Number of protein chains: 2
Amino acid sequence: MHTIGRPRRGRGRRPADEVRREVIEAAGELLFEEGMAGFTFDKVASRSGASKMTLYKWWPSKGALALDGYFKRVEPVLAFPDTGDIGADLRAQLHAFVHVISDSPAGPAIAELIGQAQTDPELKAAYLRRYSSPRRALAAEAMERAKQRGQLRVDLDPETVIDQLWGACYHRLLLPDQPLTEGFVDALVTNLFDGIGP
Amino acid sequence: MHTIGRPRRGRGRRPADEVRREVIEAAGELLFEEGMAGFTFDKVASRSGASKMTLYKWWPSKGALALDGYFKRVEPVLAFPDTGDIGADLRAQLHAFVHVISDSPAGPAIAELIGQAQTDPELKAAYLRRYSSPRRALAAEAMERAKQRGQLRVDLDPETVIDQLWGACYHRLLLPDQPLTEGFVDALVTNLFDGIGP
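The model shown is predicted, which means the values in this text are computed figures rather than measured ones.

1. Concerning the overall build of chain A
So, step 1. On a plain count of helices and strands, chain A comes out with nine helices and zero strands.
So, step 2. Going from N to C terminus, chain A has its helices and strands arranged as α-α-α-α-α-α-α-α-α.
So, step 3. Projected onto its principal axes, the C-alpha positions of chain A cover 65 × 35 × 30 Å.
So, step 4. Considering only residue pairs separated by 6 or more positions, chain A has 61% of its internal contacts joining residues 24 or more positions apart.
So, step 5. Just so you have it, chain A exposes about 8,600 Å², and 53% of that area is on carbon and sulfur atoms.
So, step 6. Distance between charge centres in chain A, computed from 26 positive and 27 negative side chains, equals 8 Å.

Right, here's the structure in full:
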């Protein structure tokens, strides 16, 4: 079913699940094209063919709707590879991630949502529950499998590594003292695998 | 000169530098006691004995004033130790940092300011120029000295390490999926010095 961005107004009642999926897809497209500055309930309604009333019923704020659109959109792009080589898998995933947040309006948009979440407890809870927590779990599971293969030390806490890879990238996204490049993420992985000592 | 928090209204005209310093000290105290929720120009004026007019003249927003108060307040707490052992110095500095952002209203306050900076370009520029950039420089210089002593590999980019230590902490502060503890920062340092491989 690829009906993204094609208004279907007037084609009769669709099942709620289908409407919901199309609204989320439309929200993701709009967010990636225009960022939060151009993101409105109106435009999502018009793109998806759903009524604004429906949108208001399902999403408490445009932040929550934008988050759902973002998640839907990045999910396939940020799939966690599993080639059997954890170092290569981490690099590949981080390259895809940095590409998304550097080269599309999604980066500024997610920065703005994280920013807004600092004074909006519901948005923060939604972010943790629906996005960052499940994504952390995927990375942690990949590292646990790598431990089984003897590629990571057995006493390693994968959660700390997550903050030293993706967390380091979010830090540069939010506070851009230094650039967020592929060279940067390669250095992050190298620092952890080779150590920073002499 | 310890006149922090003691209104000096009515004691005659003070030099601008002194007024400015006392306003910033009062702002830092208020921020640490009440966080951004209780932070107002009014209260800073009353604590410092300066007029609200003066405050509006010097600071474009309460965010900018709160930032200056934060920087002033954390500067002595977050001094970078130099014992000649970079591993110990990093741990000591990170422990002080985590203590400040976990155990005082300064943590939520700085999270809120970073959040607000995502939609306030002036606040973001002020944050980078007046706080994060000079603080990164201190850490980078400490690591360069450690390279000279043979404690870090010579091709290491200290900027990447900064994002993997303090950046990782800010990540947990802003998106608290996992707790920000002393054990966490010790693990960050260990991961980098010992590596995460088997």
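2. Some words on the pattern of salt bridges
Where charged atoms of side chains with opposite charge meet at close range, the side chains can pair.
So, step 1. For the structure on display, the rule yields 28 salt bridges over all chains.
So, step 2. The salt bridge partner of B:Arg172 is A:Asp163, with a shortest N-O separation of 2.6 Å. With B:Arg172 in helix H8 (residues 158–174) and A:Asp163 in helix H8 (residues 158–174), the pair connects residues from two separate chains.
So, step 3. Residue B:Arg172 is classed as buried on the basis of its relative accessible area, which comes to 5%.
So, step 4. You can call A:Asp163 buried: its relative accessible area is 0%.
So, step 5. Of the charged contacts, one joins B:Asp82 and B:Arg145 as a salt bridge, the two residues approaching to 3.1 Å between their closest N and O atoms. Taken together, the positions of B:Asp82 in the loop between helix H4 (62–77) and helix H5 (86–103) and B:Arg145 in helix H7 (residues 121–148) put the pair 63 residues apart, joining distant regions of the chain.
So, step 6. When its relative accessible area of 47% is taken as the criterion, B:Asp82 is described as partly exposed.
So, step 7. A network of salt bridges, in which partner residues are shared, links A:Arg136, A:Glu159, A:Asp163 and B:Arg172.

3. What about the relation of the copies chain A and chain B?
So, step 1. Of the transformation placing chain A onto chain B, the axial shift is 0.0 Å and the rotation is 180°, giving an RMSD of 0.0 Å. Classification of the inter-copy transformation places it as that of a two-fold axis. Of the C-alpha atoms belonging to chain A, the one lying closest to the rotation axis is found on A:Gly115, 1.7 Å away.
So, step 2. Of all interface residues in chain A, 100% are interface residues in chain B too; the two copies therefore contact each other through one and the same surface.

4. Focus on the packing of aromatic side chains
All names here are of chain A.
So, step 1. With the rule as written, the count across this model stands at 20 aromatic pairs over all chains.
So, step 2. Each ring, one from Phe-71 and one from Tyr-131, has its centre 4.4 Å from the other, and the planes form 5°; the classification is stacked. One end of the pair, Phe-71, is in helix H4 (residues 62–77); the other, Tyr-131, is in helix H7 (residues 121–148), and 60 residues separate them in sequence.
So, step 3. Judged by relative accessible area, which is 5%, Tyr-131 ranks as buried.
So, step 4. The ring centre of Trp-58 lies 5.6 Å from the NZ or CZ of Arg-20, which sits over that ring.
So, step 5. Seen from the ring of Phe-184, Arg-172 lies directly overhead, with NZ or CZ sitting 3.7 Å from the centre.

5. Comments concerning the interface of chain A and chain B
So, step 1. Every contact between the two is made by 45 residues of chain A and, on the other side, 45 residues of chain B.
So, step 2. It is A:Arg153, A:Gln164 and A:Ile196 that lose the most area in chain A upon contact with chain B, and together they represent 17% of the buried surface on that side.
So, step 3. Taken together, the connections running from chain A to chain B amount to two salt bridges.
So, step 4. Between chain A and chain B we count 25 residue pairs in polar contact (both at pLDDT 80 or more) in total.
So, step 5. With 13 residues, H8(A) is the largest single contributor of residues to the side of chain A that touches chain B.

6. Brief notes about helix H2 (residues 41–48) of chain B
Residues and elements named next belong to chain B.
So, step 1. Within H2, burial applies to Phe-41, Val-44, Ala-45, Arg-47 and Ser-48. Viewed along the axis of H2, the buried residues span an arc of 170°, placing them on a single side of the element.
So, step 2. Buried residues in H2 make contact with helix H1 (16–34), helix H3 (52–58) and H4.
So, step 3. Just beyond H2, the residue with positive phi is Gly-49, at close to 80°.

7. Let's talk about the environment of A:Leu55
Residues and elements named next belong to chain A.
So, step 1. With respect to the element layout, Leu-55 can be found in helix H3 (residues 52–58).
So, step 2. The class for Leu-55 is buried, based on a relative accessible area of 0%.
So, step 3. Once the C-alpha coordinates of Leu-55 and Leu-65 are considered, the two residues, ten residues apart in sequence, prove to be 8.4 Å apart.
So, step 4. Sequence-distant contacts of Leu-55, defined by excluding residues within four places in its chain, comprise Val-23, Phe-41, Val-44, Ala-45, Ala-50 and Leu-65.

The rules behind the values
- Residues numbered from 1 in each chain as written.
- Chains lettered and ligands numbered in written order.
- Predicted model: local features only at pLDDT ≥ 70, side-chain atom pairs only at ≥ 80, totals over all residues.
- Heavy atoms only, no water.
- Helix = DSSP H or I, 4+ residues; strand = E, 2+ residues; numbered from the N terminus.
- Contact = heavy atoms within 4.5 Å.
- Areas by Shrake-Rupley, 256 points an atom, 1.4 Å probe, with all protein chains shown as cover.
- Lys, Arg positive; Asp, Glu negative; His and termini not counted.
- Charge placed at Lys NZ, Arg CZ, Asp CG, Glu CD.
- Salt bridge = Lys/Arg side-chain N within 4 Å of Asp/Glu carboxyl O.
- Buried < 20%, exposed > 50% of the residue type's maximum accessible area, 1.4 Å probe, protein only.
- Least-squares fit on C-alpha atoms with pLDDT ≥ 70 in both.
- Phe/Tyr/Trp six-rings, centres within 6.5 Å; stacked < 30°, edge-to-face > 60°.
- Lys NZ or Arg CZ within 6 Å of the ring centre and 35° of its normal.
- Buried area = accessible area lost by both parts, 1.4 Å probe.
- Polar contact = N/O pair within 3.5 Å; in protein donor to acceptor, adjacent residues only side chain to side chain.
- Arc of directions from axis to C-beta.

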